[in-house]
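One letter stands for each residue in the lines below.
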Amino acid sequence: MDSFKDIQSCQYEISESNDGEITFYLQGRIDSTNASQMIELFGSLIKDRKPVSLTIDLKKVTYLDDFGALVLVELKDMMTAAKGQFNLKNAREEVLFILNSGALAETPPLIKIRPPSMFIRFGDAILKFATEVKYQISFVGSVCLAFVYSILHPKTLRMDNTFLYMQKTGVDAVPIVGMISFMMGLIMAFMSSIQLQMFGANIYVASLVSLAMTRELGPIMTAIVVAGRSGSAFASEIGTMKISEEVDALFTMGFDPTRYLVVPKIMASVLVVPILTLFSDVFAILGGMTVGVFMLDLTANAYILQTLKTLSLFDILLGIFKSGVFALLISWIGCLRGFRVKGGAAGVGQATTSAVVSSIFLIIAFDSIFAVILTYLS
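In this report, we go over the structure that sits alongside the text. These numbers were taken from a predicted model, which means no experiment stands behind them. Here the residue numbering is sequential within each chain, running from 1 through the sequence in written order. Under the rules for a predicted model, residues below a pLDDT of 70 receive no local features and side-chain atom pairs below 80 are neither given nor counted, while totals for whole chains, interfaces and linings still include all residues. Side-chain measures here rest on the full set of heavy atoms in the structure, leaving out hydrogens and waters.

**Topic: the overall build of the protein chain**
So, point 1. The helix and strand inventory of the protein chain stands at twelve helices and five strands.
So, point 2. Computed over the C-alpha atoms, the radius of gyration of the protein chain is 39 Å, more than 25% above the 21 Å expected from 2.2 N^0.38 for a compact globule of 378 residues.
So, point 3. Along the first, second and third principal axes, the C-alpha set of the protein chain runs to 120 × 60 × 40 Å.
So, point 4. Should any heavy atoms of two residues lie within 4.5 Å, those residues are considered in contact. In the protein chain, once contacts between residues fewer than 6 apart in sequence are set aside, the share between residues at least 24 apart is 78%.
So, point 5. Carbon and sulfur atoms form 66% of the exposed surface of the protein chain, whose accessible area is close to 21,400 Å². A run of H or I in DSSP counts as a helix once it spans at least four residues, and a run of E counts as a strand once it spans at least two, with each numbered from the N terminus. In this description the radius of gyration comes from C-alpha coordinates, and the expected globular size is given by 2.2 Å times residues to the power 0.38. Every accessible area reported is derived by Shrake-Rupley at a probe size of 1.4 Å, with residue values counting cover from the shown protein chains alone.

**Focus: helix α12 (residues 345–377)**
Count 3.6 residues to each turn of an α-helix, and residues three or four apart come out pointing the same way.
So, point 1. In a helix, the anticipated span is given by 1.5 Å times the number of residues less one. Between the first and last C-alpha of α12 there are 48 Å, a value that for 33 residues agrees with the 48 Å anticipated at 1.5 Å per step.
So, point 2. Those residues of α12 lying buried are G347, V348, A351, A355, S358, S359, L362, I363, D367 and F370.
So, point 3. Buried residues belonging to α12 abut α7 (204–243) and α11 (313–339). Each residue gets one of three labels from its accessible area relative to the maximum for its type: buried under 20%, exposed over 50%, partly exposed in between, using a 1.4 Å probe on protein chains only.

**A few points about the pairing of strand β3 (residues 21–30)**
So, point 1. By definition, two strands form a pair when at least two bridges between them are found by DSSP. With seven bridges joining them, strand β2 (residues 10–16) and β3 adopt antiparallel strand pairing. Paired with I14 across the two strands is F24, which belongs to β3.
So, point 2. Connecting β2 to the antiparallel partner β3 that follows it, the hairpin turn spans four residues, and G20 within it adopts a positive phi of roughly 90°.
So, point 3. The pairing of β3 with strand β4 (residues 53–64) spans nine bridges and is parallel. Among the inter-strand pairings, Q27 is bridged to a residue of β4, identified as K60.
So, point 4. Throughout, right-handed denotes a crossover for which the path from the first strand over the helix to the second runs clockwise when the strands point away from the viewer. Crossover connection from β3 via helix α1 (residues 35–49) to parallel β4: handedness right-handed.

**A look at the packing of α1 against helix α2 (residues 66–81)**
So, point 1. Running from N to C, α1 and α2 point in directions that differ by 15°, and their axes come no closer than 9 Å. Taken as axis vectors, α1 and α2 run roughly parallel relative to one another. At the point where α1 passes α2, the crossing takes the right-handed sense. Contacts between α1 and α2 pair A35, M38, I39, F42, G43 and I46 from the former with F67, V71, E74, L75, M78 and M79 from the latter.
So, point 2. Here the contact of α1 with α2 is composed, by residue class, of ten nonpolar, one polar and one charged. Axis definition: a line fitted to C-alpha atoms, over the contacting stretch in the case of helices. Angles run 0 to 180 degrees between N-to-C directions. Geometric relationships in this document are graded by angle, where less than 35 degrees denotes roughly parallel, more than 145 denotes roughly antiparallel, 65 to 115 denotes roughly perpendicular, and other angles denote oblique. What makes a crossing left-handed is the near helix being turned counterclockwise from the far one by less than a right angle; a clockwise turn instead makes it right-handed. Polarity classes work like this: nonpolar for Ala, Val, Leu, Ile, Met, Phe, Trp, Tyr, Cys and Pro, charged for Asp, Glu, Lys and Arg, and polar for all others, with Gly in that last group.

**Topic: the packing of aromatic side chains**
So, point 1. To pair, rings of Phe, Tyr and Trp, with the six-membered ring standing in for Trp, must have centres within 6.5 Å; the planes then decide the type, stacked if under 30 degrees apart, edge-to-face if over 60, and tilted in the middle. The full count for this structure, using the stated rule, is five aromatic pairs.
So, point 2. With a centroid separation of 5.8 Å and an interplanar angle of 85°, the aromatic rings of Y165 and F234 are classed as edge-to-face. Here F234 lies in helix α7 and Y165 lies in helix α5 (residues 159–169), a separation of 69 residues in the sequence.
So, point 3. Judged by its relative accessible area of 6%, Y165 is buried.
So, point 4. One aromatic cluster in this structure is built from Y135, F139 and F339.
So, point 5. Any Lys NZ or Arg CZ found within 6 Å of a ring centre and within 35 degrees of that ring's normal is scored as a charge over the ring. A cation over a ring is seen here: R158 above Y260, with NZ or CZ 3.8 Å from the ring centre.
So, point 6. Directly above the aromatic system of Y149 lies the positively charged group of R259, at a separation of 4.1 Å from the ring centroid.

**Describing a nonpolar patch on the surface**
So, point 1. Patch members must show over 30% relative accessible area and no salt bridge, and they are joined within 9 Å when carrying like charges or within 5 Å when they are nonpolar side chains of Val, Leu, Ile, Met, Phe, Trp or Tyr. Salt bridges are counted wherever a side-chain nitrogen of Lys or Arg sits within 4 Å of a carboxyl oxygen of Asp or Glu. On the surface, a cluster of nonpolar side chains totalling about 940 Å² of accessible area is made up of M179, M183, L186, I187, F190, M191, I194, V293, F294 and M295.
So, point 2. Secondary-structure elements contributing two or more residues to the nonpolar patch are α6 (174–196) and α9 (257–294).
So, point 3. When residues of the nonpolar patch are assigned to their parent elements, the largest contribution, seven residues, is made by α6.
So, point 4. Here I194 shows up in helix α6.

**Concerning the packing of α9 against α11**
So, point 1. Running from N to C, α9 and α11 point in directions that differ by 150°, and their axes come no closer than 8 Å. Judged by the inter-axis angle, α9 sits roughly antiparallel to α11. As α9 runs across α11, the sense of the crossing is right-handed. Contacts between α9 and α11 involve P257, L261, V262, K265, I266, S269, V270, V273, P274, T277 and L278 from the former and I316, G319, I320, S323, G324, A327, L328, S331, W332, C335 and F339 from the latter.
So, point 2. Among the residues forming the contact of α9 with α11, the class breakdown is 15 nonpolar, six polar and one charged.

**Here we look at the nonpolar core**
So, point 1. The biggest cluster of nonpolar side chains holds 39 residues, and the ones touching the most others in it are F139, V143, L261, V262, W332 and F339.
So, point 2. Among the secondary structure elements, those contributing two or more residues to this core are α4 (118–152), α7, α8 (246–252), α9, α11 and α12.
So, point 3. A per-element tally of this core places α11 first, with ten residues.
So, point 4. Setting aside residues up to four positions removed in sequence, W332 forms contacts with Q136, F139, V140, V143, I266 and L362.
So, point 5. Remark: nonpolar core denotes a set of buried residues (Ala, Val, Leu, Ile, Met, Phe, Trp, Tyr, Cys) joined through side-chain atoms within 4.5 Å. Core analysis: the second largest hydrophobic core is formed by 24 residues, I22, M38, A69 and F86 among them.

**Details of unusual backbone geometry**
So, point 1. At E245, a position not held by glycine, the phi torsion is positive, near 65°.
So, point 2. Since its relative accessible area comes to 54%, E245 is described here as exposed.
So, point 3. Although it is not a glycine, D297 sits at a positive phi angle of roughly 60°.
So, point 4. Along the polypeptide, D297 turns up in the loop between α9 and α10 (300–310).
So, point 5. D297 sits in the exposed class, given a relative accessible area of 71%.

Below you can see the structure in the form of structure tokens.
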């Protein structure tokens, strides 16, 4: 065993066995004043002697700071690189506290988390679905009560916001709805004329376009555009208010959030979307007439007369009724998704996407239900 040697305020003694085990006995302080010298000295000893095992005896170490812990970390890394063992022993409580809060702390073994089984995932999905259905039912009840209250107390209805949402949902959507409907009518007339020309039935292009748009495509296309524009806007607006705690503030001040935020949106949508659908029908008929006049040698007067002859008041009212139902679904699901927002900006984005996807699904589903009902009634 080597006698004690001094490195400034720390003394050390080295003991080496025949089987390649080295023990450093340290005494005094290990701090910033001697840390670099100890790393250099002990590091060179480890490289020269290449021990199989290195043990640091800290029994007589009176003080150890972060730099002293760094010395031990460096020695441990050197032994790990040399594929040797590194051990500490006889450390005092105050020294152990420093060591256990740093890189020398013992890390617990990693526990492999098993993924939940299929039955657990299935049960969790059912519980989430049941919770969502429960909230939807309660939201429907809340909206109905809010509408009843607004009808009994008309002064509580926010008419300025209702007119604002009517402008955003209806007036601002006229250009995009008109353009899409015009192109839809043009495409339908062009594709149908390819077959009808073979039988000399060009005039029936007007019948096909008018019936298809007023009964089915007009309400559906208008509703999809409104879902993408207004449904997503409703969800993002209420969702942003939810995460910024404005909805909670309304409730604290005595306002009913459903009556304050939802009723104007639903009322505005139900009022303007049927009118928007009528615009869609008109633009689609104009698109079909463009093909009929410039490609099928039909006169504008003949095309319009055939359209009026084909359409009935029931067809127009059916499209208006469908669009009203679609508007109710779009505004309802948009507001519902907004109130269900959790988290931050990511939650608002998810609610917006969910509102659009859910609205389109409900539009197609309810249109299928109307088609089946009309088939059995007729």
